[in-house]
Amino acid sequence: MTWEAGVPVRGGGGSWVRGFAAVLAVVCAVLALPPAAVAAEEDEVAGIVVFGVPGLAWTDIDASVTPHLWAMAGSGASASMSVRTIGSWTCPEAGWLSLGAGERAGGAAPRDAQCAAQSRLPAPVEDGDGWSVDGWGALVEANESFNYGARLGSFADAVAAMAAAEEAAALEAEAAGEPVVEPDPGACVAGIGDGAALAAADTEGRVSFWAPGLASLGEAMAACDVVVVDPGVVVGDTADEAPDSGTDYDQLGEDDIGVGTDESAGESDAGEIAPEPDAVRARAAAEADAAVGEVEAALPEDWRLLVAGVADASAPSALHPVLYSGAGVEAGELTSATTGRDGYVQLVDLTATALGAVGAEVPATVAGAPIQVLPDEGRTSGAAVAQGIDETAASQSVIAVSFVFYSVLSGLGVIAVAAAVWLLCGSDRFRGVARAVCLAVAAMPVAGVAAGIPHWWRGEHPSVAFWVIIAAGMAVLTVAASLPWTRRGARPVLVIAGAAALLIAVDQVSGATWPLHTPMGYTAQAGARFTGLGNYAFSVFAAAVILLIAFVPWKGRARVWGPVAIGVCAVVIVGAPNLGRDMGGTLTLVAAGILCCWKLWGRKLTVKAVLIAGGIAFGVFAVGGFLDFLRPQEDQTHLGRFVGSVLDGTATNILIRKADAAIGTIGRPLTWVSLAALIGAIIIWRKRAPIRSLEVAAAVIGLTSVAVLGALVNDSGVAITGFTTTLGFGLLAVAVGPRTERAQPATPDPVSTAPSSGN
């Protein structure tokens, strides 16, 4: 029996060169397109007050308990905010420092599950010439080890730089005999409250103006155009501390997996917290609201007020509200260039917003972007709060089901690998069962993507609703791939891979709304991605594209241009700044797609071919990144910002951090399905080698490239390999099919026999 299902395309030696040139040209052109338009930045104002309340949640905002916050939600603009900094939950000390740095920063005190240690903030020390933060050196030293490059005090230094620039301009104008614009005497950052001192301090740890309470608010606003306020309130669920309040999770390098969630249930788990909202929380929220009322009463007409829950009160993390009002701020939603999604901002965006409000330039050390208002005249307080509560519930529900989903997927993936080995190398017995298992497990990550479409987190039992959707999706796809007219040859592969690719492509083109609420995407509170294509969904998409390129029954010259067309469309979806925005995925898919096509076209895979594929992939990555970097900073995606970090010499920290994250995925659930795939591949190779079908060889090379290269260049590491395996391994086995000694029919059906196998 022969494995050659297609005819190698050889003549026309320049075909593949023209194809790859077309890929490079089209992809680079699309990567040069501007990202989706966002609202314009607000005009400058006389000053801004940034009012931080650690622990404040959307559920705390109530018409009777917090009337001032409730009114702000309707009269101003609002959004849900990720406070993610160092680790998976952010305690007050880290939140205030991150506000002052404009970058993810961590505290020096232990980050325990109840944030007890990082909630006890010392007051700054007065030395006659001003105020300085006690223990500033220890805070700087602690952040040097976090690989985020946080420059503590960047906020205050940026305002001081504006003052210096204005003074220099005035001196230059005076020397030239031109009209002199007097420098702004209030170009500084003042702090009220202990936490505010951490945000208002400069890089030396000194604070221009500080006071312990709101009684000095008027004096602070007269002294500085930017005032940071800490009312001394942490809104938490309980006054009791968890037993492990001395455990420093930052030093241990751990996150909040199993801390403060149902996953940690057990009498011996010292990090367990069972939040039960009580009067303690309501009193704290009311106290913070009263302080907001004081600020509003004293706020001049040409000032703005920005109220935000700048940190978590305890583990686990959650989204927190941001309320923006004052001069020139219309009612509506907020967004920022760092999220690219309406209704969501990040903690570091507050720093950039305050700087932009008073006309200061946002330095390169500040990772955030100014918040922008999306006006909505009909927006009410009730609607704003309800939306915030729903967004928070969605993100927390995703966190609750994610670990179990990955564990179940990995376990079933191991079973699917075993089923694939049996299907290809075992006896006739149970082959039907093995085939069904391969199809069902391959359908699970696809169902995981589709789970973001219905609002499953709104049900009475969100986890049950989620698993019902997953089971239903697996059943539908398995049946669809097993019908009489779809079950032959490669058709089951085309059904499931086609569904995966189409589903993800439609989502990206329509605004990438589904992955935000599924374990296959990303969660807003994690703060890494808010839109575009997440690493897990990319793995599924890339594997599906490779299978389509390999097993669609191309005829004639379509065997050259068909794969090129699919590849170009796929790379655009993954890498375009207004679509996938995935720089690691772009690099991976270009290289994997080229190698897959190379083999499909009957060409030998050599070191030269691998180098050419890598060079083209890097060229697309570099050109697209540079074009993105040439845009204004507020319009850049993380690809353009990465190019900027390379040019300014700060990329090392990013690469180290991503490498640490990738290494950290080893040993997590998806490691085991990846290991099973390696063992299964060795068994199959020993029993079924060599591969004589160009289609099968192309699929093997493409999937392997996605699994290996994707794991190396993405911070999701071995998870990329795991997701590629769960979709691709079983489907490839179904496409190849069991060994048979019978000869092929003289005129085979290309679709049903293209991937057939034998020795």
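Residues numbered from 1 in each chain as written. Predicted model: local features only at pLDDT ≥ 70, side-chain atom pairs only at ≥ 80, totals over all residues. Heavy atoms only, no water.

A. View of the pattern of salt bridges. Using the criterion set out here, one finds 4 salt bridges in the structure. Note that Asp-60 is salt-bridged to Arg-281, the shortest N-O span being 2.6 Å. With Asp-60 in the loop between β1 (47–52) and α2 (67–75) and Arg-281 in helix α9 (residues 279–298), this pair connects stretches of sequence that are 221 residues apart. According to the relative accessible area criterion, Arg-281 is buried, its value standing at 11%. (Salt bridge = Lys/Arg side-chain N within 4 Å of Asp/Glu carboxyl O. Helix = DSSP H or I, 4+ residues; strand = E, 2+ residues; numbered from the N terminus. Buried < 20%, exposed > 50% of the residue type's maximum accessible area, 1.4 Å probe, protein only.)

B. Local environment of the confidence of the model for the protein. Put simply, the protein has an average pLDDT of 79, and 78% of its residues get 70 or more. Of all the helices and strands in the protein, helix α24 (residues 750–753) carries the lowest mean pLDDT, 42, while strand β8 (residues 226–229) carries the highest, 95. Low pLDDT, under 50, characterises residues 239–276; the stretch is placed with 75 contacts to residues that sit more than four places away or in other chains. Counting interchain partners and residues more than four positions distant, the pLDDT-below-50 stretch residues 742–759 has 54 contacts. (pLDDT = per-residue confidence, 0-100. Contact = heavy atoms within 4.5 Å.)

C. Expanded view of the sheet that holds strand β3 (residues 125–126). Taken together, 3 strands build an open sheet; the order of strands is β3-β4-β6 and the sheet is antiparallel. Strands at the two margins of the open sheet, each flanked by one partner only, are β3 and β6 (206–207). Across 2 bridges, β3 lies against strand β4 (residues 131–132) in antiparallel orientation. Across the sheet, residue Glu-126 finds its bridge partner in β4, namely Trp-131. (Pairing = 2+ DSSP bridges.)

D. Molecular detail of helix α14 (residues 491–509). Look at α14: 26 Å from first C-alpha to last across 19 residues, which is about the 27 Å you get at 1.5 Å a residue. Those residues of α14 that sit buried are Pro-492, Val-493, Ile-496, Ala-497, Gly-498, Ala-500, Ala-501, Leu-503, Ile-504, Ala-505, Asp-507 and Gln-508. Elements in contact with the buried residues of α14: α12 (431–450), α13 (462–480), α15 (535–551), α16 (558–575) and α23 (718–736). Gly-511 sits one or two positions beyond α14 and adopts a positive phi of about 120°. (Expected span 1.5 Å × (residues − 1).)

E. Region of interest: helix α3 (residues 92–101). The element α3 is largely enclosed, with a buried count of 10 among its 10 residues. Residues Pro-92, Glu-93, Ala-94, Gly-95, Trp-96, Leu-97, Ser-98, Leu-99, Gly-100 and Ala-101 constitute the buried set of α3. At the C-terminal side of α3, Gly-102 shows a positive phi close to 70°.

F. Expanded view of the packing of aromatic side chains. In total, this model carries 10 aromatic pairs according to the counting rule given. Both rings, one in Trp-456 and one in Phe-466, keep their centres 5.1 Å apart while their planes meet at 50°; by these two values the pair is tilted. You can see Trp-456 sitting in the loop between α12 and α13 and its partner Phe-466 sitting in helix α13, a full 10 residues away along the chain. For the residue pair Trp-456 and Phe-466, the accessibility class agrees, reading buried in each case. These aromatic residues form a ring-pair network of at least three members: Phe-405, Tyr-406, Trp-456, Trp-457, Phe-466, Trp-467, Tyr-536 and Phe-723. (Phe/Tyr/Trp six-rings, centres within 6.5 Å; stacked < 30°, edge-to-face > 60°.)

G. The nonpolar core, seen in detail. Membership of the largest hydrophobic core comes to 104 residues, with the highest contact counts inside it found for Phe-541, Phe-551 and Leu-727. Broken down by element, this core gets its largest block of residues, 15 residues, from α15. Not counting residues up to four positions away in its chain, the partners in contact with Phe-541 are Ala-501, Ile-504, Ala-505, Ala-570, Ile-573 and Val-574. Counting residues in hydrophobic clusters, the runner-up holds 57 residues, among them Met-81, Leu-350, Ile-371 and Val-373. (Core = buried A, V, L, I, M, F, W, Y, C linked by side-chain atoms within 4.5 Å.)

H. Representation of the environment of Gln-525 in the model. Looking at the secondary structure, you find Gln-525 in the loop between α14 and α15. What makes Gln-525 buried here is its relative accessible area of 7%. Put simply, Gln-525 and Met-81 are 444 residues apart on the chain and 7.3 Å apart in space, counted from C-alpha to C-alpha. Once you skip the residues sitting within four places of it in the chain, Gln-525 turns out to touch Ser-82, Arg-84, Ser-317, Ala-318, Leu-319, Ser-395, Gln-396 and Ile-399.

I. A look at the pairing of strand β9 (residues 303–308). For β9, the buried fraction is high: 6 of the 6 residues fall into the buried class. Here β9 shows a buried face lined by Trp-303, Leu-305 and Val-307 and a second buried face lined by Arg-304, Leu-306 and Ala-308. Where β1 meets β9, 6 bridges bridge the pair, whose relative direction is parallel. Across the sheet, residue Ile-48 finds its bridge partner in β9, namely Arg-304. Relative to strand β10 (residues 320–326), β9 runs antiparallel, the two sharing 5 bridges. The residue bridging Val-307 from the neighbouring strand is Leu-323, located in β10.

J. View of the packing of helix α17 (residues 583–600) against helix α22 (residues 694–713). At a closest axis distance of 8 Å, the pairing of α17 and α22 adopts a crossing angle of 160°. Taken as axis vectors, α17 and α22 run roughly antiparallel relative to one another. For the element pair α17 and α22, the recorded crossing hand is right-handed. Side by side, α17 and α22 meet where Gly-584, Leu-587, Thr-588, Ala-591, Ala-592, Leu-595, Cys-596, Lys-599 and Leu-600 of the first sit next to Leu-694, Glu-695, Ala-697, Ala-698, Ile-701, Gly-702, Ser-705, Val-706, Leu-709, Gly-710 and Val-713 of the second. A class-by-class count of the residues in the contact of α17 with α22 yields 13 nonpolar, 5 polar and 2 charged. (Axes fitted to C-alpha atoms, helices over the stretch in contact; angles between N-to-C directions. Parallel < 35°, antiparallel > 145°, perpendicular 65-115°, else oblique. Left-handed = near helix turned anticlockwise from the far one by under 90°. Nonpolar A, V, L, I, M, F, W, Y, C, P; charged D, E, K, R; others polar.)

K. Focus on the state of the cysteines. Going through the model one piece at a time under the given rule, you end up with 2 disulfides. Between the sulfur of Cys-91 and that of Cys-115 lies a disulfide, 2.0 Å long from S to S. Measuring handedness by torsion sign, the sulfur bridge of Cys-91 and Cys-115 sits at about -75° and is left-handed. Within this pair, whereas Cys-91 is found in the loop between β2 (77–82) and α3, its partner Cys-115 is found in the loop between α3 and β3, the two being separated by 24 residues in sequence. Residue Cys-91 shares its accessibility class with Cys-115, and that shared class is buried. Across the disulfide from Cys-188 sits Cys-224; the S-S distance is 1.9 Å. Note on the Cys-188 and Cys-224 pair: the S-S dihedral is about -100°, so by sign convention the disulfide is left-handed. (Disulfide = S-S within 2.5 Å.)

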